[in-house]
Amino acid sequence: MSNFFEKVSRRQFTEDGGDGAAYDGIKLPVRATSGSAGYDFFAPVRMEIPAGETVRVPTGIRCRMDGDRFLAIFPRSGLGFKYRLALDNTVGIIDADYYGADNEGHIMIKMTNNGDRDLVIEAGKGFAQGIFLKYYLTDDDAASSSRTGGFGSTG
């Protein structure tokens with residue numbers, strides 16, 4: 001297997017609150033340079049995030065990856081520095097088995113503008129980044145259940 005991004009279905013995107021008119025314009029995450037660790041996630045629509053407010057972004061993206069990997073989601077560092085933009089869960093962890101979840105593995109990003117000025121992110125502009133990381137298990141690991149639900153479904 002390998003690691004790659006793809007779009008969720010149009011149905012799933014709109015079910016999760018995405019603007020159906022924006023679906024065709026969804027850009028898959030990419031690295032900006034050959035030395036970049038993070039894959040930039042792009043805004044599917046123009047987003048206005050007033051100071052002190054929170055938004056939930058249906059990205060329209062899912063990720064297939066090797067079973068010993070996860071995708072860590074962070075805000076773009078410039079937005080964190082200039083606007084104090086932060087993910088509400090501090091770091092998003094996308095597990096390999098999330099791809100097969102009931103919601104098609106749709107990556108949702110919830111973030112808050114903790115700064116003192118409003119932030120506007122135009123459609124197609126980068127706002128978050130994902131970094132693939134390998135993880136290891138303990139010798140006595142006994143996890144045997146499988147994921148069925150989407151975000152937050154593992155308790």
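Our structure is the block above this text.
Structure report, in brief. (Residues numbered from 1 in each chain as written. Predicted model: local features only at pLDDT ≥ 70, side-chain atom pairs only at ≥ 80, totals over all residues. Heavy atoms only, no water.)

## Focus on the packing of aromatic side chains
To be explicit about the condition: The criterion for an aromatic pair is that two Phe, Tyr or Trp rings (for Trp, the six-membered ring) have centres within 6.5 Å, with stacked assigned to planes under 30 degrees apart, edge-to-face to planes over 60 apart and tilted to the rest. Helix and strand definitions follow DSSP, with helices as H or I runs of at least four residues and strands as E runs of at least two, each counted in order from the N terminus. Accessible area is worked out with a 1.4 Å probe on protein chains only. A residue is then buried under 20% of its type maximum, exposed over 50%, and partly exposed in between. A ring has a charge above it when a Lys NZ or an Arg CZ is no more than 6 Å from the ring centre and no more than 35 degrees off the ring normal.
Overall, the coordinates contain 6 aromatic pairs when judged by the stated rule. Centre to centre, the rings of Phe-5 and Phe-41 are 5.7 Å apart; their planes meet at 85 degrees, and the pair counts as edge-to-face. Of this pair, Phe-5 sits in strand E1 (residues 4-7) while Phe-41 sits in strand E2 (residues 39-42), and the two are 36 residues apart along the sequence. Phe-41 matches Phe-5 in its accessibility class, with the two residues each being buried. Ring centres of Phe-5 and Phe-132 lie 5.6 Å apart, and the angle between their planes is 45 degrees; this geometry places the pair in the tilted category. Here the residue Phe-5 occupies a position in strand E1, and Phe-132 occupies one in strand E11 (residues 126-134), the gap between them amounting to 127 residues. Of the residues examined, Phe-5 reaches a relative accessible area of 10% and is grouped as buried. An aromatic cluster is built from Phe-5, Tyr-39, Phe-41 and Phe-132, whose rings are joined through pairwise contacts. The lysine or arginine in question, Lys-7, covers the ring of Tyr-23, its NZ or CZ lying 4.3 Å from the ring centre.

## Comments concerning the pattern of salt bridges
Which entries qualify depends on this criterion: Criterion for a salt bridge: a side-chain nitrogen of Lys or Arg within 4 Å of a carboxyl oxygen of Asp or Glu.
All told, the structure shown has 10 salt bridges when counted by the stated rule. With its nearest N and O atoms 2.7 Å apart, the salt bridge here joins Arg-10 to Asp-24. Residue Arg-10 is located in helix H1 (residues 10-15), and its partner Asp-24 is located in the loop between H1 and E2; the two are separated by 14 residues in the primary sequence. The exposure class of Arg-10 is partly exposed, given its relative accessible area of 39%. With a relative accessible area of 58%, Asp-24 lands in the exposed category. In this structure, Arg-69 engages Asp-68 in a salt bridge whose closest nitrogen and oxygen atoms are separated by 3.3 Å. Among the residues examined, Arg-69 registers a relative accessible area of 22% and is labelled partly exposed. One salt-bridge network, in which partners are shared between bridges, spans Asp-66, Asp-68, Arg-69 and Lys-134.

## Comments concerning the sheet that holds E11
Worth spelling out the cut-off: In this analysis, strands are considered paired if DSSP registers two or more bridges between them. As a rule, the C-alpha atoms of each element are fitted with a line to give its axis, helices using only the stretch in contact, and angles between N-to-C directions run from 0 to 180 degrees.
Strand order in the open sheet formed by 4 strands is E2-E11-E6-E8, and the pairing between neighbours is antiparallel. Where the open sheet ends on each side, the last strands, each with one partner, are E2 and strand E8 (92-95). Here the average twist between neighbouring strands, direction ignored, is 30 degrees. Bridge analysis of strand E6 (residues 69-75) against E8 gives 4 bridges, and the strand direction is antiparallel. Across the sheet, residue Ile-73 finds its bridge partner in E8, namely Gly-92.

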